[in-house]
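Geometric and topological summary
One letter stands for each residue in the lines below.
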Amino acid sequence: RLLKAQYGLKQAGQLWNKEISGFMTSQGFTRAGCESSLYYYHNADTKLVILCILEVDDLCICGSDDAAVETFRAALSKKYGDKVPGGADIAWGPLSSFMGVRIIYDRSTRVLTMDVEQKIVDIFRDHPSLEKIPIHWTPLATKGSSPGTPSATIQRYVHERFATIAGGLIYLVVSCRPDLAQAVGVLARYMHGPTPEAVV
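Since this is a predicted model, take the numbers as computed values, not measurements.

1. Concerning the pattern of salt bridges
On inspection of all chains with the given rule, the structure shows seven salt bridges. Here Glu70 and Arg73 are joined by a salt bridge, their closest N and O atoms 2.9 Å apart. A residue pair is termed a helical-turn pair when its members lie 3 or 4 positions apart in one helix, as Glu70 and Arg73 do in helix α3 (residues 66-80) at three residues. A relative accessible area of 39% means that Glu70 is categorised as partly exposed. We note a salt bridge from Arg125 to Asp122, for which the minimum N-O separation is 3.1 Å. One end of the pair is Arg125 and the other is Asp122, both in helix α4 (residues 117-126) and three residues apart, which spans about a single turn. For Arg125, a relative accessible area of 55% corresponds to the exposed category.

Here's what the structure looks like:
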């Protein structure tokens, strides 16, 4: 029944949100007012802090005390099990990626880096025709700076899939690439009616 509620109904997202939110509250967590996917637990007496960020059924947990984090993880496992649909074990361990963002933490230098390289690779894998578009060496070309016009076939391909491609680029901007915000923002203006200028 849970699987049908989560994956097979229109109201699946709402049902799961109510379920997991109720569980988090029962464990003493509070939902952040500024970010609805972030829950926090804070004990002023012991200085214990646990943060949990949720994206549907993906979650990331961190805290100031490893034992407390493990206790919370055990409570999650007891409530929802240690298997994902299909029977595979849930992977608990150090965070290496979350929602398509690769995370690398060098403990020796205390440097955290994040990138969306795989998301970019995925866009070009899903839309190989993009590789045939002439390259602009700046994110947003100015008038008269176009290195060439793509063939009519490429323009038609991009036009038909414009919303999907632009949506992927918007995710890159929001997650790790604010340097592309201006170019992608201009592109997004054509989301519901791509013109030849936008496709090129």
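Having seen the structure, we can now continue with the description.
2. A word on the packing of helix α6 (residues 162-175) against helix α7 (residues 181-188)
Taken N-terminus to C-terminus, the directions of α6 and α7 make an angle of 150°; their axes are 10 Å apart at the nearest point. The angle between α6 and α7 falls in the class roughly antiparallel. As for the relative orientation of α6 and α7, their crossing is left-handed in sense. Note on element contacts: α7 touches α6 through Ala181, Val184, Leu187 and Ala188, opposite Phe162, Ala166, Leu169, Ile170 and Val173. Its residues assigned to classes, the contact of α6 with α7 comprises nine nonpolar, no polar and no charged.

Definitions and limits used
- Note that residues are indexed from 1 along each chain, following the sequence as it is written.
- Given that this is a predicted model, residues contribute local features only at a pLDDT of at least 70 and side-chain atom pairs are listed and counted only at 80 or more, while totals for whole chains, interfaces and linings are drawn from all residues.
- The basis for the side-chain values is all heavy atoms of the structure; hydrogens and waters are excluded.
- Any carboxyl oxygen of Asp or Glu within 4 Å of a side-chain nitrogen of Lys or Arg constitutes a salt bridge here.
- A run of H or I in DSSP becomes a helix once it reaches four residues, and a run of E becomes a strand once it reaches two; helices and strands are each numbered from the N terminus.
- Working definition: with a 1.4 Å probe on protein chains only, accessible area under 20% of the residue-type maximum means buried, over 50% means exposed, and in between means partly exposed.
- For helices, the fitted axis covers only the stretch in contact; all axes are lines through C-alpha atoms, and the angles between them, taken along N-to-C directions, range from 0 to 180 degrees.
- In what follows, roughly perpendicular refers to angles from 65 to 115 degrees, roughly parallel to angles under 35, roughly antiparallel to angles over 145, and oblique to any angle outside these ranges.
- By definition, turning the near helix anticlockwise from the far helix through less than a right angle yields a left-handed crossing, and turning it clockwise yields a right-handed one.
- Residues are treated as being in contact if the distance between any of their heavy atoms lies within 4.5 Å.
- Each residue is assigned to one class: nonpolar for Ala, Val, Leu, Ile, Met, Phe, Trp, Tyr, Cys and Pro, charged for Asp, Glu, Lys and Arg, and polar for all the others, Gly among them.

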